[in-house]
Amino acid sequence: MTERKDDPTASTTWGLGDYPAMARLLEPVALAVVERAEIVPGQDVLDIACGDGNAALLAAARGARVTGVDYETVLLDRAARRAEREGRSVTWIEGDAESLPVAPASADTVLSVLGIMYAQDPLAAANEVARVLRPDGRAVLAAWSPGSFMPSVGRVLGAYLPPVEGPAPSRWADRASVGDLLLQAGLEVVDFSVEKLELSWPDAEAAATFLIQTAGHVIGERDRLVAEGRWDALLTELTRFVSGWADGDGVRVTLEYGMVTAVHV
């Protein structure tokens, strides 16, 4: 978790920036995960690192009893407001993927859409999935594929940001790595696929601006980078990187992610 010390409304940098704008574009990933989970009315569903509620709300729309857990209260507040607007009943709980405030064997389905992959202790998070999942339940998890667009953007930005400790989030989308990880927790991968989502912007500058404005961990460093005279350099380098996906109609990028389904061994 990246702490945010100068914003009383956000406990982490996930609460900064225009995260909802990115969440709207990524809703098709949540839909794919929910569909893969084959959620039916009456099931108990847990959405880990739920953000502002994409997957949780989709599961609730299918008649499930849904709990969304996230450690950023700003996102939970946004999720609650979305649920109210949409007329959905979801329980929102502040908590960490590595120590879920949820009873053992309480979920028929565990979901995580581009969230659990950021756990600093992946094995602890995997153990938590196994702990809360019922014996006949299933977990469906999505993470950015190694070497794909989003991890590549992260590498460009990384030169301007504080070092990030912990394993690469994309290990959750590597078939061998995630299989070994989940097996240590007593879970077996029964399905794995690589999926794609296409996004577009009018030009490289618009794409780079969007990617920065929706990245709270970057926004949280803006004052420092401006003071160091490096903010414009960050914008320039990211724009140059994104321009590699430009064509005559703007910038079109393919976001690639792995989707894994696991059950108890």
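Counting of residues starts from 1 at the beginning of each chain's written sequence and follows it residue by residue. Only residues with pLDDT of at least 70 get local features here, since the model is predicted, and only at 80 or more are side-chain atom pairs given and counted; chain-wide, interface and lining totals rely on the full set of residues. Excluding hydrogens and water, the side-chain values take into account all heavy atoms of the structure.

1. Here's the deal with the overall build of the protein
Spelled out, the test is: Under the scheme used here, helices are H or I runs from DSSP no shorter than 4 residues and strands are E runs no shorter than 2 residues, and both carry numbers assigned from the N terminus. Partly exposed residues are those whose accessible area sits between 20% and 50% of the maximum for their type, while under 20% is buried and over 50% is exposed, using a 1.4 Å probe and protein chains only. Each accessible area is a Shrake-Rupley result for a 1.4 Å probe, and residues are judged covered by the shown protein chains and nothing else.
The helix and strand tally for the protein stands at eleven helices and eight strands. When the backbone C-alpha atoms are referred to their principal axes, the protein occupies close to 55 × 40 × 35 Å. When burial is assessed residue by residue, the protein has 51% of its 265 residues classed as buried. Accessible surface computed for the protein: about 11,900 Å², of which carbon and sulfur atoms make up 49%.

2. Concerning the packing of helix α8 (residues 204-213) against helix α11 (residues 231-242)
Helices that pack against each other are described as a pair by the angle of their axes relative to one another and the distance between those axes. For clarity, the threshold we go by: Every angle, taken between N-to-C directions, lies between 0 and 180 degrees, and every axis is a line fitted to C-alpha atoms, over only the stretch in contact when it is a helix. Each angle gets one of four labels, with under 35 degrees taken as roughly parallel, over 145 as roughly antiparallel, 65 to 115 as roughly perpendicular, and the rest as oblique. Note on convention: the crossing is left-handed when the near helix lies turned anticlockwise from the far helix by less than a right angle, right-handed when the turn is clockwise. Contacts: residue pairs with any heavy atoms within 4.5 Å of one another. Polar here means any residue outside two lists: the nonpolar Ala, Val, Leu, Ile, Met, Phe, Trp, Tyr, Cys and Pro, and the charged Asp, Glu, Lys and Arg; Gly therefore counts as polar.
In the contact formed by α8 and α11, the axes pass within 8 Å of each other and the chain directions differ by 120 degrees. Taken together, the axes of α8 and α11 lie oblique to each other. The two elements α8 and α11 cross, and the hand of that crossing is right-handed. Residues Ala204, Glu205, Ala207, Ala208, Leu211 and Ile212 of α8 pack against Trp231, Leu234, Leu235, Leu238, Thr239 and Val242 of α11. Of the residues belonging to the contact of α8 with α11, the class tally is ten nonpolar, one polar and one charged.

3. Some points on the pairing of strand β4 (residues 107-113)
Heads up, the condition is: Note on pairing: two strands pair once DSSP finds at least 2 bridges between them. When the strands point away from the viewer and the path from the first strand over the helix to the second turns clockwise, the crossover is right-handed.
In terms of burial, β4 is largely enclosed, as seven of its seven residues are buried. Inspection of the sheet shows strand β1 (residues 44-48) paired to β4 by three bridges, in the parallel sense. By the bridge assignment, Val45 is partnered in β4 with Thr109. For β4 and strand β5 (residues 133-144), the ladder comprises six bridges, and the chain directions are parallel. The partner of Thr109 across the bridge, within β5, is Arg138. Where the polypeptide runs from β4 across helix α5 (residues 122-132) and back to β5, its parallel neighbour, the crossover connection is right-handed.

4. Some thoughts on the pattern of salt bridges
Note the threshold: Each reported salt bridge corresponds to a side-chain nitrogen of Lys or Arg within 4 Å of a carboxyl oxygen of Asp or Glu.
The full count for this structure, using the stated rule, is 14 salt bridges. Here Asp44 ties to Arg134 by a salt bridge, and the two come within 3.0 Å at their closest N and O atoms. With a gap of 90 residues between them, Asp44 in strand β1 and Arg134 in strand β5 connect regions that are remote in the sequence. Residue classification places Arg134 among the partly exposed residues on the basis of a relative accessible area of 23%. Each of Asp44, Arg65, Asp108 and Arg134 takes part in a single network of salt bridges with overlapping partners.

5. Considering the side chain of Ser145
As for its placement among the helices and strands, Ser145 is situated in the loop between β5 and α6 (149-158). By relative accessible area, which is 3% here, Ser145 ends up buried. In this structure Ser145 touches Pro151, Ser170, Ala173, Val194, Glu256, Tyr257 and Gly258, once residues within four positions along its chain are discounted.

6. A short note on the environment of Pro41
Turning to its location among the elements, Pro41 is positioned in the loop between α2 (27-37) and β1. Remark: the alpha-carbon pair of Pro41 and Arg65, spanning 24 residues in sequence, is separated by 7.9 Å. With sequence-adjacent residues up to four places away left out, Pro41 is seen in contact with Arg62, Gly63 and Ala64.

7. What to know about the packing of aromatic side chains
Heads up, the condition is: Two rings from Phe, Tyr or Trp (for Trp, the six-membered ring) form a pair when their centres are within 6.5 Å of each other. A pair whose planes differ by under 30 degrees is stacked, one over 60 is edge-to-face, and the rest are tilted.
Under the definition given, this model contains four aromatic pairs. Here a set of aromatic residues connected by ring pairs shows up, and it is made of Phe149, Phe241 and Trp245.

8. Notes on unusual backbone geometry
Despite not being glycine, Ala105 has its phi angle at roughly 50 degrees, a positive value. Although it is not a glycine, Leu114 adopts a positive phi angle of roughly 55 degrees. You can see Leu114 is positioned in the loop between β4 and α5.

9. Notes on α2
Inspection of α2 places Val29, Ala30, Ala32, Val33, Val34 and Ala37 among the buried residues, and these make up the whole buried set. Residues of α2 that are buried sit in contact with α3 (54-61), β4, β5, β6 (187-201) and β8 (250-264). With its phi angle positive at about 55 degrees, Glu38 sits one or two positions after the end of α2.

10. Quick look at the pairing of β1
Most of β1 sits inside the fold, with five of its five residues counted as buried. Both faces of β1 are covered, namely the face carrying Asp44, Leu46 and Ile48 and the face carrying Val45 and Asp47. Summarising the sheet, β1 and strand β2 (residues 65-70) pair through five bridges and their orientation is parallel. Each bridged residue has a counterpart across the sheet, and for Asp47 the counterpart in β2 is Gly68. With α3 bridging β1 and the parallel β2, this β-α-β connection has right-handed handedness.

11. Re α8
Applied cut-off: Any N or O atom pair separated by 3.5 Å or less is treated as a polar contact, with the protein-specific requirement of one donor-capable and one acceptor-capable atom, and with residues adjacent in sequence counted only for side-chain atom pairs.
Those residues of α8 that sit buried are Ala204, Ala207, Ala208, Phe210, Leu211 and Ile212. Close packing links the buried residues of α8 with α1 (19-25), α6, β6, α9 (216-219), α11 and β8. Capping the start of α8, Asp203 holds a side-chain oxygen 3.2 Å from the backbone nitrogen of Glu205, two or three residues further along.

These figures capture arrangement, not role.
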